[in-house]
Amino acid sequence: MIQYLAVSALGTDEIGVAHHISEIVAYHQCQTELTCMNKMASEFAINLLVSGNRNNIIKLEAALNELANEENLAIATKLAEDDAEENSTIPYIVQIITPYNASLLEQVTHFFAENEINIREMTGCRYVAQQTGLEMFNLQLIIDLSMDAKIAQFREEFSSFCEQINIDASLEPDKL
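Residues numbered from 1 in each chain as written. Predicted model: local features only at pLDDT ≥ 70, side-chain atom pairs only at ≥ 80, totals over all residues. Heavy atoms only, no water.

Peer 1: Just give me the short version of the pattern of salt bridges, but keep the residues and values in it.
Peer 2: The full count for this structure, using the stated rule, is three salt bridges. Of the charged contacts, one joins Asp-13 and Lys-39 as a salt bridge, the two residues approaching to 3.6 Å between their closest N and O atoms. Pair noted here: Asp-13 is in the loop between β1 (2–12) and α1 (17–27) and Lys-39 is in strand β2 (residues 31–40), with a separation of 26 residues, a long-range link. Given the relative accessible area of 30%, Asp-13 is considered partly exposed. On the accessibility criterion, Lys-39 (59% relative accessible area) is exposed. Between Glu-135 and Arg-126 there is a salt bridge whose closest N-O contact spans 2.9 Å. (Salt bridge = Lys/Arg side-chain N within 4 Å of Asp/Glu carboxyl O. Helix = DSSP H or I, 4+ residues; strand = E, 2+ residues; numbered from the N terminus. Buried < 20%, exposed > 50% of the residue type's maximum accessible area, 1.4 Å probe, protein only.)

Peer 1: Any details on the sheet that holds strand β4 (residues 74–80)? Residues and values, ideally.
Peer 2: Overall, antiparallel pairing links the four strands, which are arranged β2-β3-β1-β4 in an open sheet. Only two strands of the sheet have a single partner each, and these edge strands are β2 and β4. On average, adjacent strands in this sheet sit at an angle of 10° to one another, irrespective of strand direction. Packed on one face of the sheet, helix α2 (residues 54–71) meets β1, β3 (43–53) and β4 and runs near 160° to β3. (Pairing = 2+ DSSP bridges. Axes fitted to C-alpha atoms, helices over the stretch in contact; angles between N-to-C directions. Contact = heavy atoms within 4.5 Å.)

Peer 1: So what's going on with the packing of α1 against α2? Residues and values would help.
Peer 2: α2 packs onto α1 with a crossing angle of 155° between their chain directions and a minimal axis gap of 10 Å. Comparing their axes, α2 and α1 come out roughly antiparallel. The hand of the α1/α2 crossing is right-handed. Counting all contacts with α1, which are made through His-20, Ile-21, Ile-24 and Val-25, the residues of α2 involved are Leu-60, Ala-63, Leu-64, Leu-67 and Glu-71. Considered class by class, the residues forming the contact of α1 with α2 number seven nonpolar, one polar and one charged. (Parallel < 35°, antiparallel > 145°, perpendicular 65-115°, else oblique. Left-handed = near helix turned anticlockwise from the far one by under 90°. Nonpolar A, V, L, I, M, F, W, Y, C, P; charged D, E, K, R; others polar.)

Peer 1: Any chance you could break down the side chain of Ser-51 for me, citing the residues and the numbers?
Peer 2: Relative to the elements of secondary structure, Ser-51 occurs in strand β3. On the accessibility criterion, Ser-51 (4% relative accessible area) is buried. A polar contact of 2.5 Å, which involves the side chain of Ser-51, links it to the side chain of Glu-33. In this structure Ser-51 touches Ile-2, Gln-3, Tyr-4, Cys-30, Gln-31, Glu-33 and Ile-57, once residues within four positions along its chain are discounted. (Polar contact = N/O pair within 3.5 Å; in protein donor to acceptor, adjacent residues only side chain to side chain.)

Peer 1: Pulling in residues and values, what's your account of the environment of Tyr-4?
Peer 2: Within the secondary structure, Tyr-4 sits in strand β1. C-alpha of Tyr-4 to C-alpha of Arg-54: the two residues are 50 residues apart in sequence and 8.8 Å apart in space. Aside from chain neighbours lying at most four places away, what touches Tyr-4 is Glu-33, Leu-49, Val-50, Ser-51, Lys-78, Leu-79, Ala-80, Glu-81 and Asp-82.

Peer 1: Requested: an account of the sheet that holds strand β8 (residues 169–173), with residues and values cited.
Peer 2: Taking strand neighbours across the sheet as the criterion, the four strands line up as β6-β7-β5-β8 in an open arrangement whose pairing is antiparallel. Across the chains shown, the open sheet's two edge strands, defined by having one partner strand only, are β6 (118–128) and β8. Recorded for the sheet is a direction-independent mean angle of 15° between the axes of neighbouring strands. Examined bridge by bridge, strand β5 (residues 89–99) and β8 share five bridges and lie antiparallel to one another. Looking across to β8, one finds that Tyr-92 is bridged to Pro-173.

This is the structure we're talking about:
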């Protein structure tokens, strides 16, 4: 029986750490289902979803804890279940590029939580626009809309929300 393990690691950004983690996953005959890694100032964070049989997952967890002690990493693991709900939703991409606003992330995540819409993925970064020198924020989310959602009505509500907080955003179906 296949089991899933969610892994999250945080540590100092050093060459080879991602390799050590992926090497341990492969050594324990587990498969990487999903991965995301980011450098954040002098630190890095990596998230993985791995699968394997029960015994290999247990051994992998122990090996990751050992690596955490050796490499001074913070590693958290949690058994995860197959997400059957994923098949009953339609992924949509939300793209927002706007002048930086410290509360933007809170406002956007609140909107989706209030509308009971799951955020599957979220990436964002603050940067300075070359032409104007203005601080900007680029935010991309992948949300899960229910198969029975009224898309036109949701688009209207989202558009109204964007007007209220004065941002320009797009909402398109994910074409994966």
